[in-house]
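Commentary on secondary and tertiary structure
In case you want the letters, here they are:
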Amino acid sequence: LLSYLTSISSKQIDDILVYTVATSETDGFKRYLESAAEYNIQPTVLGWGQEWKGGEDIRHRAGGGWKVNLLKEALQPYKDDKDRLVLFTDGYDVMFLSNLRTITDEFKKTEARVLFGAESACWPDETLTSLYPVPKQGKRFLNSGLYIGYIPEILELLNRKPLVDTDDDQLFFTQAYLDEKMRSQLKFKLDHTSQIFQNLNGAINEVELFTENEKENPELHLQNAVTHTRPLIVHGNGPSKLKLNALGNYLARAWMPNQGCRHCKRGHIDLQKKTASEMPLVYLALFIEQASPFLEEQLQKVYDLEYPKKRIHLFIHNGVKYHTPHVADFVEKYGKAYLSLKQITAEDGISEWSARDLSLDQCLLKECELYFSVDSVSHLDNPHTLRLLAEQNRTVVAPLLVRPGKAWSNFWGALTTDGFYARSHDYMDIVHSDKRGLWNVPFLSNCYLINATLLRQYDRAKLNHVRGNLDADMAFCANLRDLDVFLFVSNRVDFGHLVNPESYDITRSTPDMYQIFDNERDWEERYIHSDYPENFNPDKKPLQPCPDVYWSPIVTKRFCKDLIQMMENFGKWSDGKNQDDRLTGGYEAVPTRDIHMNQVGWEPHWLLFLQRYVRPIQEHIFTGYFHDPPRSLMNFVVRYKPGEQPSLRPHHDSSTYTINIALNEVGQDYEGGGCRFIRYNCSVTDTKEGWMLMHPGRLTHYHEGLLVTKGVRYIMIAFVDP
Ligand code: UGA
């Protein structure tokens, strides 16, 4: 940016000088320059690198007179230039939407010599309202953020009376405008209907994005739906800055329907060719603030991020005792790989707010260049996420993370007036990645990367996670918004997803097993056998160890381990007698030592598993039989054990088909066992953990459970479609 500023000097296009004021390189100012560059406009920047002298908190209080004084001085060399125009705009909240030729032509049509933008509020002195002429149409009051005029008239206006830097510029120009003599002498007009200048405050519902569909390469324009004009410069004055941020995602060709995200490429850096030691130093802060399903996988994905570990300081705040062993495992396995590790445990009893603030301080202590915050619900499936975000090179940027199949994500597209969630026109397009790009949004959470320069710029009093009773993330974003920091969310590529912790019940012994409904994708990844899809490979013949007994990989060893744990933890194995209160008839002809799924609250989950994973195999093998959803009243885990019940006498099942999943390993966990199909004199004894036997229940498949001679054998049984 600095090199740009020094190279432009006062090089201007033809007959118009363009000025702005900017004391530092804010996100808004970068956007201003990008829009200027898009239309070949080269503004002269006044006040650059200086302390702001225009008064404190000008957003809420009067001020800005310094802007007037800076311009006055800058125009001195041109004071005799009668035909030259000058265009002044604010710098932090303005975008050009057109080139200077069009702006000049439009200005000339107004026949004014001085033209200011208009707005709906009489600010900063409301008592002046009645002195304002009433326009036929449009906004009545002057705004000082955008104006254009001939140099002599503008200078006359600026020299009208002396002004202290901290005086209010808008009041200064307002008084001039309300002076009838001056108004007519200078041909001083307001752009009431936004032919050129669109001030957004008080007009945010009057503007919309508009494309010319018939054009080959359409761009999005701003249209004022009330005045039917297409403004050429837009100003997010006062509190309308978030509206400008939303519009700015598209305007000035930032995003185009045929070209996608163009502003994504600006400022982009390439880290791929860097050596490990040249990579930016990252402070990676992990937050476990709520019990989170599939945390082990989440942590593994953090470790799997392809970024040199020796350039990462790791910070972990675990606020949930339940997760202590998970974190301990992770730390033991990987802790040493990182440049440093700081842990705050659940026992330390530190609040989320303090932990988050502390991590920012630690980042600075470690002289970090990037701060990467990752919550336990954020699954970074794309191992390049950290590098890609770093390359995006924004003050704050988050990867888009969405709960699979849901509209819940880690950003908000808009805010209500009291700062809560509101849906934006493009929210669903972004969430579904129908539109890909880099989106300036008012709120993000769960995972984001911050350029540590920002952290150095403000003390913790301004940049922290505390604000009234707000959640830490809401407070942090509100504080960032107050500093006019842009919050970007990127869906340029897929980065990962969010897990849904809402139904995660850690009073269960294996709570993740219960997550098949709410975290389907993660459940499948953890619990469904990696060879499951092979069951449907048309080039493979299904394994058939005995006639019409099929054998398929279906669940992982982890599933088997967790299911056994679920049962053993419950512990109320049946007594193996014929009398069985759990059954409607109260009688079981061929009893086993077992626990029914409904005894552990897992029946709905099991039935979904049957429908989703077992039924397709059945349909594939026993073609022509469709029963969706499968019905199954008897779903249970059986324990065979010498000294308890080591075998089961020959019997039929009351099922159309039976499934029998081996939950542990013969030769390792037990000896003997297996299933013998008497009619075929055929036994399956080398059962494999996580593999399922499927066979018809009646008539042909009279079978028995073979004797377990040592150890314990567990199987999962269901009688499908009895
Ligand atoms: C609004 C109006 O749009 C301004 O024309 C007017 O000067 C101001 O109110 C006022 O009457 O005091 P607003 O949008 O609320 O301005 O404030 P900012 O955009 O934050 O500040 C105005 C401009 O001053 C910035 O766009 C930027 O050009 C300059 N500025 C402000 C700096 O260069 N550095 C600063 O630290 C602050």
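Below is a short write-up of the structure. (Residues numbered from 1 in each chain as written. Predicted model: local features only at pLDDT ≥ 70, side-chain atom pairs only at ≥ 80, totals over all residues. Heavy atoms only, no water.)

**Considering the state of the cysteines**
What counts here: For this text, the term disulfide refers to a pair of cysteine sulfurs within 2.5 Å. Residue burial is assigned from relative accessible area. The probe radius is 1.4 Å, only protein chains are included, and a residue is buried under 20% of its type maximum, exposed over 50%, and partly exposed in between.
In total, this model carries three disulfides according to the counting rule given. Two residues, cysteine 261 and cysteine 264, share a disulfide whose sulfurs are 2.0 Å apart. On the sign convention where negative means left-handed, the S-S torsion of about 100° between cysteine 261 and cysteine 264 marks this disulfide as right-handed. Given the relative accessible area of 9%, cysteine 261 is considered buried. Here cysteine 363 pairs with cysteine 368 through a disulfide, and the sulfurs are 1.8 Å apart. Its torsion about the S-S bond being 85°, the disulfide of cysteine 363 and cysteine 368 is classed as right-handed. There is no split in this pair, since cysteine 363 and cysteine 368 are both buried. Looking at cysteine 447, it has no disulfide partner, and the nearest cysteine sulfur is the one in cysteine 477, 13 Å off. The thiol of cysteine 675 is not disulfide-bonded; the next cysteine sulfur, from cysteine 546, is found 8.1 Å away.

**Regarding the environment of proline 399**
How we decide: The secondary structure listing takes helices from DSSP runs of H or I that are at least 4 residues long and strands from runs of E that are at least 2 residues long, numbered from the N terminus. It only takes one pair of heavy atoms within 4.5 Å for two residues to be counted as in contact.
Along the chain, proline 399 turns up in strand S19 (residues 396-399). When its relative accessible area of 0% is taken as the criterion, proline 399 is described as buried. Spatially, the C-alpha atom of proline 399 lies 8.1 Å from that of aspartate 494, the residues being 95 residues apart in sequence. Look past the residues within four positions of proline 399 in its chain and what remains in contact with it is Leu380, Thr385, Leu389, Asn410, Cys447, Tyr448, Val489, Ser490 and Phe495.

**Quick word on the sheet that holds strand S29 (residues 543-546)**
Applied cut-off: Here a strand pair is declared whenever DSSP counts at least two bridges between the two strands. Between N-to-C directions, angles cover 0 to 180 degrees, with each direction set by a line fitted to C-alpha atoms, over the stretch in contact for helices.
Strand order in the open sheet formed by seven strands is S29-S30-S38-S34-S41-S32-S31, with antiparallel pairing between adjacent strands. Only two strands of the sheet have a single neighbouring strand rather than two, namely S29 and strand S31 (594-596). This sheet shows a mean twist of 25° between the axes of neighbouring strands, independent of strand direction. Alignment of strand S30 (residues 549-553) against strand S38 (residues 691-696), held across four bridges, turns out to be antiparallel. In the sheet register, proline 553 faces S38, and the bridge partner there is tryptophan 691. The strands that helix H18 (residues 603-621) touches are S30, strand S32 (632-640), strand S34 (657-662), S38 and strand S41 (713-720); relative to S34, the one it contacts most, it runs at about 110°.

**A closer look at the packing of aromatic side chains**
Selection rule: For Phe, Tyr and Trp, rings pair up if their centres lie within 6.5 Å, where Trp contributes its six-membered ring, and each pair is then called stacked (planes under 30 degrees apart), edge-to-face (over 60) or tilted (otherwise). Our definition puts a charge over a ring when NZ of Lys or CZ of Arg is within 6 Å of the ring centre and also within 35 degrees of the ring normal.
A full pass over the atoms with the stated rule returns 45 aromatic pairs. Their ring planes at 45° and their centres at 6.1 Å tell us that tryptophan 255 and tryptophan 439 sit as a pair that is tilted. In this pair, tryptophan 255 is assigned in strand S12 (residues 255-256) and tryptophan 439 in strand S24 (residues 438-441), connecting sequence segments 184 residues apart. For tryptophan 255, a relative accessible area of 10% gives the class buried. Given the relative accessible area of 0%, tryptophan 439 is considered buried. On the numbers, 5.6 Å between centres and 80° between planes, the contact of phenylalanine 636 with phenylalanine 719 is edge-to-face. Pair noted here: phenylalanine 636 is in strand S32 and phenylalanine 719 is in strand S41, with a separation of 83 residues, a long-range link. Taken individually, phenylalanine 636 and phenylalanine 719 each receive the classification buried, so the pair is uniform in this respect. Lying across the ring of phenylalanine 488, arginine 394 places its NZ or CZ 5.5 Å from the centre.

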